[in-house]
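An overview of the molecular structure
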Amino acid sequence: MTSVKEILVAEPATPDRPGRGSFRFTDDYSVFDWGKMPDAIAGKGAALCAMGAATFELLEREGVPTHYRGVVTDGEPVALADADEPPREMAIDLTQVPDLPHEGREYDYDAFHAEGGDNYLVPLEIVFRNRVPVGSSLRERATPAEVGLDRAEWPEEAVDLPEPVVEFSTKFEESDRYLDRAEADRIAGRADLEELERVARRVNELITEQAAAAGMVHEDGKIECLYCDGEIRVADVAGTFDENRFAYDGQQLSKEVIRQYHKREQPEWVEAVSEAKRRARREGVADWRRLCERNPEPLPPAVVATASDMYRAGANAYTGLALFDAPDIDSAVAAVRSL
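Given the structure is predicted, the values throughout are model-derived calculations rather than measurements. In this numbering scheme, every chain counts its residues from 1 along its sequence in written order. Whole-chain, interface and lining totals are the exception, using all residues; otherwise, since this is a predicted model, local features are given only for residues with pLDDT of at least 70 and side-chain atom pairs are given and counted only at 80 or more. Heavy atoms throughout the structure, all of them, feed into the side-chain values; hydrogens and water do not.

1. Notes on the pairing of strand 9 (residues 124–132)
Two faces belong to every sheet, and in a regular strand the side chains alternate between them. The element strand 9 is largely enclosed, with a buried count of 9 among its 9 residues. Here, strands pair whenever DSSP counts at least two bridges between them. Counting from the N terminus, the helices are the DSSP runs of H or I reaching at least four residues and the strands are the DSSP runs of E reaching at least two. Examined bridge by bridge, strand 9 and strand 10 (residues 159–170) share 8 bridges and lie antiparallel to one another. When the bridges of strand 10 are listed, F128 appears paired with V166. Inspection of the sheet shows strand 9 paired to strand 12 (residues 216–228) by 4 bridges, in the antiparallel sense. Bridging across to strand 12, F128 finds its partner in G221. Type-normalised accessible area, obtained with a 1.4 Å probe on protein chains alone, sets the label of each residue: buried when under 20%, exposed when over 50%, and partly exposed for intermediate values.

2. Some words on the pairing of strand 2 (residues 19–25)
Counting buried residues in strand 2 gives 5 out of 7 residues, a clear majority hidden from the surface. Strand direction decides the pairing type here: strand 1 (residues 5–11) and strand 2, joined by 6 bridges, are antiparallel. Paired with I7 across the bridge in strand 2 is F23. As paired strands, strand 2 and strand 5 (residues 89–94) are joined by 6 bridges and run antiparallel to one another. Within the sheet, the bridge partner assigned to R20 lies in strand 5 and is D93.

3. Focus: the sheet that holds strand 5
Strand order in the open sheet formed by 5 strands is 1-2-5-3-4, and the pairing between neighbours is antiparallel. Bordering the open sheet on either side are strand 1 and strand 4 (76–78), each of which pairs with just one other strand. The mean angle between the axes of side-by-side strands here comes to 40 degrees, regardless of whether they run parallel or antiparallel. Inspection of the sheet shows strand 3 (residues 68–73) paired to strand 4 by 3 bridges, in the antiparallel sense. The residue of strand 4 that forms the bridge with V72 is P77. Only heavy atoms matter for contacts: two residues are in contact if any of them lie within 4.5 Å across the pair. Inter-axis angles, ranging from 0 to 180 degrees, are taken between N-to-C directions of lines fitted to C-alpha atoms, where helices are fitted over the stretch in contact. The sheet contacts of helix 1 (residues 44–61) involve strand 2, strand 3 and strand 5, and relative to strand 3 the element is tilted by about 140 degrees.

4. Points about the packing of helix 4 (residues 181–188) against helix 5 (residues 193–213)
Contact geometry for helix 4 and helix 5: axes closest at 9 Å, N-to-C directions at 100 degrees. With respect to helix 5, the element helix 4 is oriented roughly perpendicular. Counted together, R181, A184, D185 and A188 of helix 4 and L193, E194, L196 and E197 of helix 5 form the full contact between these two elements. Residue classes in the contact of helix 4 with helix 5 are distributed as 4 nonpolar, no polar and 4 charged. Here the angle decides the label: under 35 degrees means roughly parallel, over 145 means roughly antiparallel, 65 to 115 means roughly perpendicular, and every other value means oblique. In this count, Pro and Cys sit with the nonpolar residues alongside Ala, Val, Leu, Ile, Met, Phe, Trp and Tyr, while Asp, Glu, Lys and Arg are called charged and the others, Gly among them, polar.

5. Quick notes on the packing of aromatic side chains
Note on aromatic contacts: the rings of Phe and Tyr and the six-membered ring of Trp form a pair at centre separations within 6.5 Å, being stacked when their planes are under 30 degrees apart, edge-to-face when over 60 apart, and tilted otherwise. One pass over the full model with this rule turns up 11 aromatic pairs. Taken together, the aromatic side chains of F32, W34, W269 and W288 make up a single cluster linked through ring pairs. Remark: a charge is flagged as sitting over a ring if the NZ atom of Lys or the CZ atom of Arg is within 6 Å of the ring centre and within 35 degrees of the ring normal. Sitting over the face of the ring of F23, K5 holds its NZ or CZ atom 5.0 Å from the ring centroid. One residue, R141, lies across the ring of Y178, its end atom 3.6 Å from the ring centre.

6. Some remarks on helix 6 (residues 256–265)
Counting buried positions along helix 6 gives 7 out of 10 residues, so the element sits mostly inside the fold. Regarding helix 6, the residues found buried are E256, V257, I258, R259, Q260, Y261 and H262. Close packing links the buried residues of helix 6 with strand 14 (244–248), strand 15 (251–253), helix 7 (267–283), helix 8 (301–319) and helix 9 (329–337).

7. Topic: helix 4
Here helix 4 has its buried residues at A184, I187 and A188. Take helix 4 and look down its axis: the buried residues cluster within an arc of 100 degrees, on one side only. As for helix 4, its buried residues are in contact with helix 2 (109–116), strand 8 (119–121), strand 9, strand 10, strand 11 (178–179) and helix 5. This arc describes the spread of directions from the helix axis toward the C-beta atoms.

Structural data, given as structure tokens:
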């Protein structure tokens, strides 16, 4: 199980063929790599499932290979439009996910690929950025000039990039880290880095178009991919409020809303997380969580309710389907803006 969804295996993958299984989405959430937080957000899992399904169906129509096989209704995969209620389960093809051995913070990718062979989940996240909102990690790692902006300092508000930026980060390490192209190419194994970037740029274009049709601006996001029999396919889930950041009428619509709320209202915990990560790097420790001296507090019920409306109303708008009994998108955005 990941921090927000369960993986169900009906038929395991082998070194030479995909398996069959599904994702079952929960209402849990995670911020700052913490894992499962104290609260559950009603409807969040179904909203992510619906948005991800709509994105995968769009990618498949446009010729981008994916591992998606439909949303599950009465035990069978169907198209999202044929679901009789908001879906919580997504049928997928499975790939191998080898163990990634490590000693401290030294990870053995050669062992990972030896086990993965020609059918494995690429141990990278491919990140694409169209704009740099408040809270983006790019502000900490690059100057505006390095991403094509004619300015010396980052502004206090979101800023559009002249061209999308694609980056690579680790997937399975205890603390994600961004990579230069040479290290990303090594970690990718048999999967071609240029092809991974090409796929990411095409996914970015399509999600951006889908979001624009709903009145949203697609700011940034990520994909994960599997490599099977020489082909790269989009895996995990894409085009959701957890994998991507969107804005509507200038207001952030994504998990970033909850992340920024924690920064404002629980700064001591956020700083404790940052310090634990720094200490783990200094000491060569992989599991930074055991070094963290604080735990997060639950959110106020009103904040949880507002987040629930954001996920459900946003899913209705993005998919173009009235799947959820939720406020209209303008009302949901107004509530988020008031947090």
